[in-house]
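The chain contents come next:
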Amino acid sequence: MTRSAVLVLNAGSSSLKYQLISGSERLLSGLVERIGEPGGDPDHAVALRRILAGLPEDVTVRAVGHRVVHGGEAFRQATLITPEVLSALAELSSLAPLHNPPAVQGIEAALASLPGVPNVAVFDTAFHATLPPKAYLYALPYRLYTQDGIRRYGFHGTSHAYVSRRASEILGGVEKLVTLHLGNGASAAAVQSGQSVDTSMGLTPLEGLVMGTRSGDIDAGAVLRLSEKYGLQETSTLLNKESGLRGLSGVSNDLRDVRAADTEQARLALAVMTYRIIKQVGAYAAAMNGLDALVFTGGAGENDVQLRADVLSGLSFLGFEVDAAANRVSGKERRITTPQSRPAFVIPTDEEGEIARQTQEVVGR
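Since the model is a prediction, treat every value here as computed from it, not as a measurement.

Analysis parameters
Residues numbered from 1 in each chain as written. Predicted model: local features only at pLDDT ≥ 70, side-chain atom pairs only at ≥ 80, totals over all residues. Heavy atoms only, no water. Helix = DSSP H or I, 4+ residues; strand = E, 2+ residues; numbered from the N terminus. UniProt positions renumbered as here; feature names shortened; annotations may be inferred. Buried < 20%, exposed > 50% of the residue type's maximum accessible area, 1.4 Å probe, protein only. Contact = heavy atoms within 4.5 Å. Polar contact = N/O pair within 3.5 Å; in protein donor to acceptor, adjacent residues only side chain to side chain. Pairing = 2+ DSSP bridges. Axes fitted to C-alpha atoms, helices over the stretch in contact; angles between N-to-C directions. Parallel < 35°, antiparallel > 145°, perpendicular 65-115°, else oblique. Left-handed = near helix turned anticlockwise from the far one by under 90°. Domains from an automatic or database assignment. Core = buried A, V, L, I, M, F, W, Y, C linked by side-chain atoms within 4.5 Å.

So, about unusual backbone geometry. Note: most residues except glycine have negative phi, and most peptide bonds are trans. Despite not being glycine, R34 has its phi angle at roughly 60°, a positive value. Looking at the element boundaries, R34 is found in the loop between β3 (25-32) and α1 (44-53). A positive phi is found at S193, a non-glycine position, where the angle reads about 50°. Residue placement: S193 occurs in the loop between β8 (186-192) and β9 (195-199).

Written out as structure tokens, the structure is:
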């Protein structure tokens, strides 16, 4: 008996991640690396043909779902890919020059290798398309928004969408929720009645919380001064690849390594990161005029016991009280606050499953 499945693709500049999903079942997953490099496949098309050759014989690819980082203002939901859509995605590359071009290459490869199979673009930014202007506008000359698209877009949308929907299912509905996607990249979202109303990442994924190698929030004046001293390219590298936990701790971008180092500098880096998270949650509670629940997800959010305990301790004024025994369990969906506390959950994210779900919704429409 033949099964139908969605092939989820996440194309990087030299890589192609994939998962084959049928309903709630993961049939296959993997990663092709070194594309375009010595010893690797020459391009994404060849890599995809190799992936397709290894699919189970009893599976038919019903649709292909592509992770696309930036949809700008043009794409507010998952979208069936047409020639016009593909052209628009290429034009949006100026907003995500490192991410959108590889996604376009992955889409072109899938269209060529699977003729007649619908392809769907699922955007990291789409979940945050519901932000109101007061949340997404910067206090810059308005023409920079209308002419150049300079505004907050937000990212990690598939993760925030999945965990916020799952939290609502667990609670039987939730009005005011903050979701924390904490990993090497980190972001927070304020979710009201199922819609994102604010988020910590901005025009790019550099803004917001302290991350593995990204600085997060920083005075624009500091960026100008760094650019004057080091130049634009070196400053970009510094802020994106040499800052965050790695820069502050002097140890690593990996939270586990920073904790293990147990130096004064490493402890300071952890304190800054935790403080920023607490401050962000408090700001979103104010923005929504209340907070009903909190969700931790992402690699660190799902697995770092101490980080969750420290964040909840700093939010006791909102009625959170950690359940130490529940919090010690890692990698599983669970409530980690006491029965009398405001609820906080760990919900392992499922970005590929969310992409597959949204893809199925589009091709079923």
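The subject of this paragraph is the UniProt feature "active site" (unreviewed entry) in the chain. Under the local residue numbering, the UniProt record ascribes the feature "active site" (unreviewed entry) to D124. The class of D124 is buried, set by a relative accessible area of 2%. With sequence-adjacent residues up to four places away left out, D124 is seen in contact with R67, V68, V69, G154, F155, H156, G157 and T158. Polar side-chain contacts of D124 include one of 2.6 Å to the side chain of R67.

With that settled, consider the sheet that holds strand β4 (residues 59-68). Taken together, 6 strands build an open sheet; the order of strands is β3-β2-β1-β4-β6-β5 and the sheet is mixed. Every interior strand has two partners, whereas the edge strands, β3 and β5 (79-80), have only one.

This next bit is on the packing of α1 against helix α3 (residues 100-113). Taken N-terminus to C-terminus, the directions of α1 and α3 make an angle of 55°; their axes are 9 Å apart at the nearest point. Here α3 runs oblique to α1, going by the angle between their axes. As α1 runs across α3, the sense of the crossing is right-handed. Seen from α1, the contacting residues are H44, A45, L48, R49 and L52; seen from α3, they are Q105, A109, A110 and S113.

Assigned domains of the chain: these are domain 1 (3-123) and domain 2 (172-351). For domain 1 versus domain 2, the separation of C-alpha centres amounts to 29 Å.

Counting buried positions over the 10 residues of β4 gives 7, a clear majority of the element. The sheet contact formed by strand β1 (residues 3-11) and β4 spans 7 bridges and is parallel. In the strand pairing of β4, V8 is matched with G65. Where β4 and strand β6 (residues 119-123) come together, 5 bridges link them in parallel fashion. Residue pairing for β6: G65 is matched across the bridge by V120.

Let us look at the side chain of H44. Locating H44 in the fold gives a position in helix α1. Residue classification places H44 among the buried positions, given a relative accessible area of 4%. Side-chain polar atoms of H44 contact the backbone oxygen of S15, separated by 3.5 Å. Beyond its immediate stretch of four places on either side in the chain, H44 contacts A11, G12, S13, S15, L16, I35, Q105 and A109.

Okay, the nonpolar core next. Core analysis: the biggest nonpolar cluster contains 38 residues, and L180, L182, L294 and F296 have the highest contact counts within it. Tallying contributions element by element places helix α11 (residues 264-287) first for this core, with 9 residues. Residue contacts for F296: discarding those within four places in its chain leaves L180, L182, G301, R308, V311, L312, I336, F345, V346 and I347. Counting residues in each nonpolar core, the second largest holds 22 residues, with L9, A47, A110 and V117 among its members.

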